[in-house]
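The residues making up each chain are set out below.
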Amino acid sequence: MQLDAIRSPGDLRGLTHHELVDLSRQIRERIIEVVSRNGGHLASNLGIVELTLALHRVFDSPHDKLIFDVGHQCYVHKMVTGRIGQFATLRTFGGISGFPKVTESPHDAFDTGHSSTSISAALGMAVARDHQRQGHKVVAVIGDGALTGGMVFEAINHAGHRKSDLVVVLNDNEMSISPNVGALSRYLNKIRMEPFYTTPKEYLAHIVKEIPGFGSRLFGILSRIEGSLKYLLTPGVFFEDLGFKYVGPIDGYDFELLERVLAYARDRHGPVLVHVVTEKGRGYRPARDRLPLFHGVGPFEITTGEIKKESQHPTCTAVFGKTLVEMGHEDSDLVAITAAMKEGTGLSLFAQTFPDRFFDVGIAEQHAVTFAAGMAAGGLRPVVALYSTFMQRAVDQIIHDTALMHLPIIFCLDRAGLVGEDGPTHHGVFDIAMLRGVPNLTIMAPKDEYELRRMLKFAPSLNGPVVIRYPRGSCLDADSDTPEEKIVSGRAEVCRQGSHIAILALGSALHHALNAAKLLAAQGVDAMVVNPRFIKPLDVALFEALFRRSMPVVTIEEGILAGGFGSSILETASDLGYSPHVLRIGLPDSFVPQGSQFELRALFGLDAEGISRRVYEWLATHHSLKAAG
Ligand SMILES: Cc1ncc(C[n+]2csc(CCOP(=O)(O)OP(=O)(O)O)c2C)c(N)n1
């Protein structure tokens, strides 16, 4: 069967296993082709092809609900649920999402993007189903990496207690983005060493009867001692003790076995965990060779697997990683913590240089923060590197376990602002609003990578909790024409003098604001441009001077406007008794779609043209303001 002819999962059901093997090959080729152009989560999707096809043959989506944890491995699911025609638009502006989206298809049962939510959501759906006396099945598909997230344990604890009908498919490929870590991962490794499951009876017979001499007699005796037999012979007893029926480990590339076991899980009552062993990057050598790189990858050359580099400029991530190694040499108490994002946050070099001072805690941001807080309370100087979007789930740990005790932790929030093609689940646009109100926190945003370096080196001197937020990619060298200046707490930097208006442009927005100022100058508007540096504490003295001069003020931030940096300027003005004219440029009260950073900046008027246009129109509307200053 031709892949392009598949309109719905029903089309898969008539296929022979031989035809499914051929279809799997076509699917892999298409995934590689599209991801090589658009970028995306390659390795995870190549590993889960057969398992996804088997799921769609055994379960009846969209009547049955399939929830993909994290959701980055849903490409095959999308291809066979009526979206093969749009698959080439994957992750592009206006195209289909790289994650499940309930608005995109009835086959996407639940939006995901952040890890370890699937079992909670599936249990909720199972309870809703039972309450409404419906008969569909609910399936959570979760990787061994996502299984390390704390919510999974909260959900398993609850599901094992409730006993609702629920299927959890553990897609175990031994990898998170890097090799998976932790005691649970070790436990799964041990299970994986067991012979593949066939059926319960066959499994028993296989192990015990093989014992030379008295195997058959032993089998008879053991069969009567049920409890001990379970411990002796059931892999996954951990899950069984928590109330799940464990089945596995099974080979994720054996269609016959996959379908038999999934059908068994579907028809059984109570929660079932099916443990499937798969291989990340299967079928594509370059990905197999460099798995972390091909987890989430930009455009690449198919034949060689060579990545097409966008910019020669060093990324903020790289500058952070390099600077932290320097700081590690200077302070032997400095430790670095990641939640399963060693490569993404730039900590690989630190991990190599200081293996004893590097901690990968698994996909466990909440634990990462409180673990760091414990280390800080014990006298160490932790640096916690997180993506802004994943920090969201650790806000209480920052408030309650860190800021309250004024513990000296440096939180480095990478991917703050618009991240691009991963879309609404991944934009780092909430951190300012979420953290700005937390007492004791210092929050900084560097204008470029040079300033990021200076801020990192400055942060320990504050002896308290510090957040530094910086964007995906490079900060575009806004520093090149301004002198290197020492960072002073709560002090902003005036980057361009001007008499008509003041533009306060946060972090990476400064680059665009400086260019906008040039465009405005050509239209007769003389704009001062300020690099606020600090979101908290604000440079109140400088801003009050602007308010006193009745300067119209424009704030620019890559973050939500509600409760953001611009709001803090309005609050400050009001508290000081001024009511300046303020134009806030940032992100509106809606989720930001996917697209390149370039496209999204243009969409929201955050590039130089957008800023100058908005400012000019605003000044034209409030005509009298033009002469102010
Ligand atoms: C809360 C959160 N932290 C970090 C991530 C980034 N992330 C995306 S996929 C992934 C690894 C997932 O591993 P696994 O569940 O085993 O899936 P695999 O890619 O191996 O199939 C990580 C850390 C995330 N999506 N959510």
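Residues numbered from 1 in each chain as written. Predicted model: local features only at pLDDT ≥ 70, side-chain atom pairs only at ≥ 80, totals over all residues.

A few words now on the overall build of the protein chain. Helix and strand content of the protein chain: 26 helices and 17 strands. A compact globule built from 629 residues would reach a C-alpha radius of gyration of about 25 Å, and the protein chain, at 27 Å, matches this within 12%. Taken over 629 residues, the protein chain has a buried fraction of 51%. Here the analysis covers contacts within the protein chain between residues at least 6 apart in sequence; of these, 76% occur between residues at least 24 apart. (Helix = DSSP H or I, 4+ residues; strand = E, 2+ residues; numbered from the N terminus. Rg over C-alpha atoms; globule rule 2.2 N^0.38 Å. Buried ≥ 20, exposed ≤ 12 C-beta atoms within 10 Å, placed from the backbone. Contact = placed C-beta atoms within 7 Å.)

The contact between helix α6 (residues 118–131) and helix α7 (residues 150–162) brings their axes to 8 Å, and the two run at 30 degrees. Taken together, the axis directions place α6 and α7 in an arrangement best described as roughly parallel. Pair α6 / α7 crosses with left-handed handedness. For the pair α6 and α7, contact is made by I119, S120 and L123 and by M151, V152, E154, A155, I156, H158, A159 and R162, respectively. (Axes fitted to C-alpha atoms, helices over the stretch in contact; angles between N-to-C directions. Parallel < 35°, antiparallel > 145°, perpendicular 65-115°, else oblique. Left-handed = near helix turned anticlockwise from the far one by under 90°.)

Moving on, we get to the site of the ligand. Around the ligand sit 22 residues, and of these S44, S115, G143, G145 and A146 come closest. Classifying every residue of the shell around the ligand by side-chain character gives nine nonpolar, 10 polar and three charged. No fewer than three residues from each of domain 1 (3–197 + 235–289) and domain 2 (316–469) sit in the shell around the ligand. (Near = placed C-beta within 6 Å. Nonpolar A, V, L, I, M, F, W, Y, C, P; charged D, E, K, R; others polar. Domains from an automatic or database assignment.)

Next up on the list: the sheet that holds strand β15 (residues 534–536). The strand order across the open sheet built from seven strands is β7-β6-β8-β9-β11-β10-β15, with neighbouring strands paired in mixed fashion. Pairing within the sheet leaves two strands with one partner each, and these edge strands are β7 (358–360) and β15. Averaged over all adjacent pairs, the angle separating strand axes in this sheet is 20 degrees, with direction ignored. Inspection of the sheet shows strand β10 (residues 442–444) paired to strand β11 (residues 466–469) by three bridges, in the parallel sense. (Pairing = 2+ DSSP bridges.)

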